[in-house]
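# Understanding the architecture of this molecule
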Amino acid sequence: MNEMMAHILAFGVSGVSGFPVQVEVFSTGGMPGMEVIGLPDASVRESRERVNAAILNSGKEMPPRRITINLAPADTKKEGPGFDLPIAVGLLAANRQIHIIPSIDLSKTVFFGELSLDGRIQPVRGALAMAISASEYGYTDIILPAGNAMEVACIQGMNIYPVCHLKEVIGHLEGTLPIRPQKQMDYEELKRHRTVAVDMSQVKGQEGARRALEVAAAGGHNMLMIGAPGSGKTMLARCLPGILPPLSFQESLETTRIFSIAGKIAPGSGLMVERPFCAPHHSASVASLIGGGMNAAPGEVSLSHNGVLFLDELPEFSRGALEALRQPLEDGVVTVSRVRNQACYQSSFMMIAGMNPCPCGYYGSRQRECRCTPQEIRRYLDRVSGPLLDRIDIQVEVDSVPVAEIRSSAPAESSAAVAARVEKARILQMDRYAGSGFFCNAQLDNNAIRKYCSMTQEAENLLHLAVEKMSLSMRAYHRVIKVARTLADLSGSDRIGMAEIAEAIQFRELDQKYWRNGTL
Amino acid sequence: MNTDCRTAALAWLSSAGLAPEYLREVLEAEPDPERILMHFQSRGELPGERPLPEKIRRMLKKNCQSDQMSFWTGLIEKYQIKGMTVTGEDYPGRLLPLSESPAILFYQGSPAAADRPSAAMVGSRSASYKGLDAARRIAEHLSRNGIAIVSGLAYGIDAAAHQGCLKGGSPTIAILGCGLDQDYPQENAQLRREILSRGGLVLSEYPPGEKPLGWHFPYRNRIISGMGDCLILMEARIRSGSMTSVQHALNQGRDVFVYPGEPGSPKSEGNHQLLREGAIYFTSAEDIMEDMGWLDKNNDVGQNSDHQAESAVRNSPAEEQVLHRLKDGEQGFDQLCEALNMPAAMLNATLSLLQIRGLIQALPGKLYRISDQAGNFA
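Residues numbered from 1 in each chain as written. Chains lettered and ligands numbered in written order. Predicted model: local features only at pLDDT ≥ 70, side-chain atom pairs only at ≥ 80, totals over all residues.

A separate point is the overall build of chain A. Along its length, chain A carries 22 helices and 18 strands. Its C-alpha atoms give chain A principal-axis dimensions of roughly 95 × 50 × 45 Å. Relative to its 520 residues, chain A shows a buried fraction of 50%. Sequence separation of at least 24 residues holds for 76% of the intrachain contacts in chain A that already meet a minimum separation of 6. (Helix = DSSP H or I, 4+ residues; strand = E, 2+ residues; numbered from the N terminus. Buried ≥ 20, exposed ≤ 12 C-beta atoms within 10 Å, placed from the backbone. Contact = placed C-beta atoms within 7 Å.)

Let's shift gears to the domain arrangement of chain B. We note that the domain assignment places domain 1 (2-85), domain 2 (111-297) and domain 3 (302-370) within chain B. For domain 2 of chain B and domain 3 of chain B, the distance between their C-alpha centroids amounts to 32 Å. (Domains from an automatic or database assignment.)

Time to look at helix H19 (residues 457-469) of chain A. Over its 13 residues, H19(A) runs 18 Å from end to end, which matches the ideal 18 Å to within 8%, given 1.5 Å per residue. All of the buried residues in H19(A) are Ala459(A), Leu462(A), Leu463(A) and Ala466(A). Buried residues in H19(A), looked at end-on, bunch into an arc of 100 degrees, giving them a common side. In H19(A), the exposed residues that point more than 90 degrees away from the buried face are Gln457(A), Glu458(A), His464(A) and Glu468(A). Contact partners of the buried residues in H19(A): helix H20 (474-490) and helix H21 (498-506) of chain A together with helix H16 (344-356) of chain B. Taken from the residues just after H19(A), Ser471(A) is the one with a positive phi, measuring 40 degrees. (Expected span 1.5 Å × (residues − 1). Arc of directions from axis to C-beta.)

Moving on, we come to the pairing of strand S4 (residues 148-151) of chain B. Look at any regular strand and the pattern is simple: side chains alternate between the two faces of the sheet. Residue and element names in this part refer to chain B. What you see with S4 is no split at all: Ala148 and Val150 on one side and Ile149 and Ser151 on the other are buried throughout. Strand direction decides the pairing type here: strand S3 (residues 118-122) and S4, joined by three bridges, are parallel. Directly across from Ala119, in S4, lies its bridge partner Ile149. Once the chain exits S4 it traverses helix H7 (residues 157-168) before rejoining the sheet at strand S5 (residues 172-175), and the crossover so formed is right-handed. (Pairing = 2+ DSSP bridges. Right-handed = clockwise from strand over helix to strand, strands pointing away.)

A few words on the domain arrangement of chain A. For an interface, size is often stated in terms of accessible area lost upon the parts coming together. All names here are of chain A. Taken as a whole, chain A is organised into domain 1 (4-174) and domain 2 (193-409). Measuring from the centre of the C-alpha atoms in domain 1 to the corresponding centre in domain 2 gives 40 Å. Every contact between the two is made by 17 residues of domain 1 and, on the other side, 18 residues of domain 2. At the level of secondary structure, the elements contributing two or more residues to the side of domain 1 that touches domain 2 comprise strand S1 (4-14) and helix H4 (127-136).

Turning our eyes to something else, we now look at the nonpolar core. Ranked by size, the top nonpolar core spans 172 residues in total, and within it Ala10(A), Ala88(A) and Ile501(A) carry the most contacts. Non-local contacts of Ile501(A), meaning those with residues more than four positions away in its chain, are made with Met455(A), Ala459(A), Leu462(A), Leu463(A), Val480(A), Ala484(A) and Ile496(A). Formed by 83 residues, the second largest nonpolar core is a distinct cluster that contains Leu13(B), Leu37(B), Ala154(B) and Met243(B). (Core = buried A, V, L, I, M, F, W, Y, C linked by C-beta atoms within 7 Å.)

What follows is the structure, encoded as structure tokens:
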């Protein structure tokens, strides 16, 4: 019998982007069998069996022929079950089981999806990355699992055909039951349905910490909270995504893409609107924070891209893990290199750290007495001093709220009210830094501080007096100015005044009380 | 060089673990330690009546060999250690009448520090923040009135007592439980240097090279209590070294002042027990000075007037409100916020301004209090 050939377009994932893969199916007479070549990994090679069963369960046949499936380019490793669908379509086409109507241009149509044995199509990882790349390559149509449809629904200029079963694909290709392309979603529409995970109104008391949180959100400042166990550090941190401005479309694409690659998007959910909140346990390894594994998968710093990375029990993290955070904190990207892969992930996040004031947690607490020796406390605090502290603008103590107060106090201000103020301050910053490469106060370097943070004479005098009287370090000095800039933005004033400097000094309280000689 | 040889001879004499009374008899029979050494080398006996136990004789014999002697001389030279004996003129008069007074003392710094009125201050190594703070304040206040503070250079209350005393300007006396060549505890090495550079005195009854062994410390506590005209207990658990100091002080006939700790806190259980048993209650340095009859020496002027000059700056209404609230004792941030009905932003700013002017102090646990008149930003 004569030879037959089919070409189907698929996509693979490398790092955060997709790359086109030509699935070539060659069917010829001879000893019946099927071979997949082109550096498939085990899950791709296994697709033979899934595809076979799925085709039979979709009312088509697999004639006994010799079949070779090549995934081109042949020098790149292919992995994952996403190639099931293109392979199945290629087999059907090469074996003349289906007759594709001419209105479907296979050279512009991308297929991906995992098949189950009964022919149903399952969602795959990295759908958003593949769809974005496909659109960049100029492909116009995507046939993908219905479970991934929401994820890619906001991409403009693409016809997206969500499918649930191989039969639907066959019907579409043969023109007997054409599928209508999915309606493109408006991101603004999605944003309107934003829900806040933890609302600020649930936080009782904690006026000082609430204020610090608002300031951190308004300026994008990293923050360190010190407080006894149970004082509400985690709860406060969880409020942060809700008071940050919602993700912009671009940010959402970036973040959702990383989540999609990590396989962390629930089937059926769309672009992320809420900023991500990652809280790795303090036993986390360097690889799990930064990214790694055989295929250089994204780590927590990338999963919290455009969101919040919460490190509770900061001193308990291994020194290596804390040191490794410095590059992403500085550059907003991490490059993860592994033998088989190298990937560059975005990782610009706000770091919120929580820690106890001492190993037992009750130093300075009114509720319970601390039983640590001064050396123990010093050793504990020393674990975080240095370069990491340099990157934290706001330090605040969180005092535990007595139970009676939790019951009595009236409902506190809601996240929405705080978020409105934060957004206003952020807009001021965006306008001020337009074209300079910065977008929030936390990013300013010393030169930019000089340029953008003008203050009144009396504010400057006060700052110098504070440096002298409270023995603030030079690094604290610059941080105070940055935070004061944010405070001025919150109050809508152009120049930094005395009140702002004075308040900003309060956010260095740990420098004063813990990391200074004398207290211990 | 000559005094170094004499000190080395004292190190030799105190190295065999002879009881203080025995050594006192020896020194009374022959006050010159170098002669005692020669006496021993020629006759194998120490001067005096008492027979020498065989074990000790062997020990002394071993230690008077030249390598051990040059080891001591080396340390004595390097660390500028000097020695005094109970028969000498520079020996602190306060220790003389005590039953177990050390016969030999090694010292660094100036022995004149022991001439002024002094108070021994003791307490826990792991004291509460409040205890440490109070110790520092009271020591400083006493020191400003010319009273030397005696303590043990341990961490916690001891270190706070020394620091406070240094800040107040009087010399301070530290008594160690190891040879003076050792920096123990390591963390307080800097403090020790400061004590010496500011005319203070560091004492030990142990010869150079002696390690800080656990049993030295309760025994050395008798010297701490003995070197003070009174003993001030800041914070002590029931079973603690500080309580042995109190026992020594009572045996030595010293007044014992006990600071009232937090009721119910295990860290000051010892205080409360002593107060129930009739120890002298005090809350301020004035209380101690009044009871000890030190008030007439009051030369506490300079700092106070400074402080008044500073508070002459007009306070804003918000500052007045905060200060008024804090008059009744320390308050948390949230308490202030609620009581004054002041937004957090404004309270933050107000607190900073007050802190910068030294009118209030921030404490761990987000607490604030009026700073004491000493001015904590000196």
